[in-house]
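This is what each chain is made of:
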Amino acid sequence: MNIRDGNIFEAMRLVLPEHRELMAQIQRERAKRKRPVLTEERLEEMQYALSEAVREGRAVRVTVFTPERDVVLVGHVTVRGRELRVSTAGGERAVRLDDVTAIE
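A. Up close: the side chain of T66. Mapped onto the elements of the fold, T66 is located in the loop between β1 (59–65) and β2 (70–80). Once you skip the residues sitting within four places of it in the chain, T66 turns out to touch R33 and V71.

B. Spatial organisation of the environment of A94. As for its placement among the helices and strands, A94 is situated in strand β4 (residues 91–96). For the pair A94 and V77, spaced 17 residues apart in sequence, the C-alpha separation works out to 9.7 Å. Discounting chain neighbours no more than four positions away, the residues touching A94 are E83, L84 and R85.

C. Region of the structure containing the pattern of salt bridges. Under the definition given, this model contains 13 salt bridges. Between R61 and E104 there is a salt bridge; the shortest N-O distance is 3.6 Å. Of this pair, R61 sits in strand β1 while E104 sits in the segment after β5 (100–103), and the two are 43 residues apart along the sequence. Looking at R61, the relative accessible area reads 41%, which means it is partly exposed. Put simply, R96 and D99 hold a salt bridge, and the shortest N to O gap is 4.0 Å. Judged by its relative accessible area of 15%, D99 falls in the buried class.

D. Seen up close, the sheet that holds β1. Pairing is antiparallel in the open sheet, where five strands are placed in the order β4-β3-β2-β1-β5. Of all strands in the sheet, those with a lone pairing partner are β4 and β5, marking the two edges. Neighbour to neighbour, the strand axes of the sheet diverge by 45° on average, direction disregarded. Across five bridges, the pairing between β2 and strand β3 (residues 83–88) is antiparallel. Note on β3: the bridge partner recorded for T78 is R85.

E. Inspection of helix α3 (residues 40–56) at higher detail. Under the 1.5 Å per step criterion, the end-to-end length of α3 is 24 Å for 17 residues, consistent within 8% with the ideal 24 Å. Taken together, the buried positions of α3 are occupied by M46, A49, L50, E52 and A53. The arc that holds the buried residues of α3, viewed along the axis, is 165°, so those residues lie on one side. What points out from α3, more than 90 degrees from its buried face, is the exposed set E40, E41, E44, Q47, Y48 and R55.

How each quantity is defined
- Residues numbered from 1 in each chain as written.
- Predicted model: local features only at pLDDT ≥ 70, side-chain atom pairs only at ≥ 80, totals over all residues.
- Heavy atoms only, no water.
- Helix = DSSP H or I, 4+ residues; strand = E, 2+ residues; numbered from the N terminus.
- Contact = heavy atoms within 4.5 Å.
- Salt bridge = Lys/Arg side-chain N within 4 Å of Asp/Glu carboxyl O.
- Buried < 20%, exposed > 50% of the residue type's maximum accessible area, 1.4 Å probe, protein only.
- Pairing = 2+ DSSP bridges.
- Axes fitted to C-alpha atoms, helices over the stretch in contact; angles between N-to-C directions.
- Expected span 1.5 Å × (residues − 1).
- Arc of directions from axis to C-beta.

In short, shape yes, function no, at least from these values alone.
Put into structure tokens, the structure is as follows:
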């Protein structure tokens, strides 16, 4: 790797301890996932599936975004304000609606 690739610390032969921690922090920041941007059409599909599930009392599959990985919850849902409560076999879990990436 050379300096033109954007990481001046990795291009140097001698790395000071202070720089080593900074390099590790830069790598952690790069490894973080970005939140997906949902289209209006996808949001409408999710809203329709959610309203059908609440009205008919059906179980749904909810995919929740976290910086490390996606978490999939399956269960019955209720909505309280900007929060979605998913009742699964392991108990009830509260999820922010902003973190939901898919409802099926």
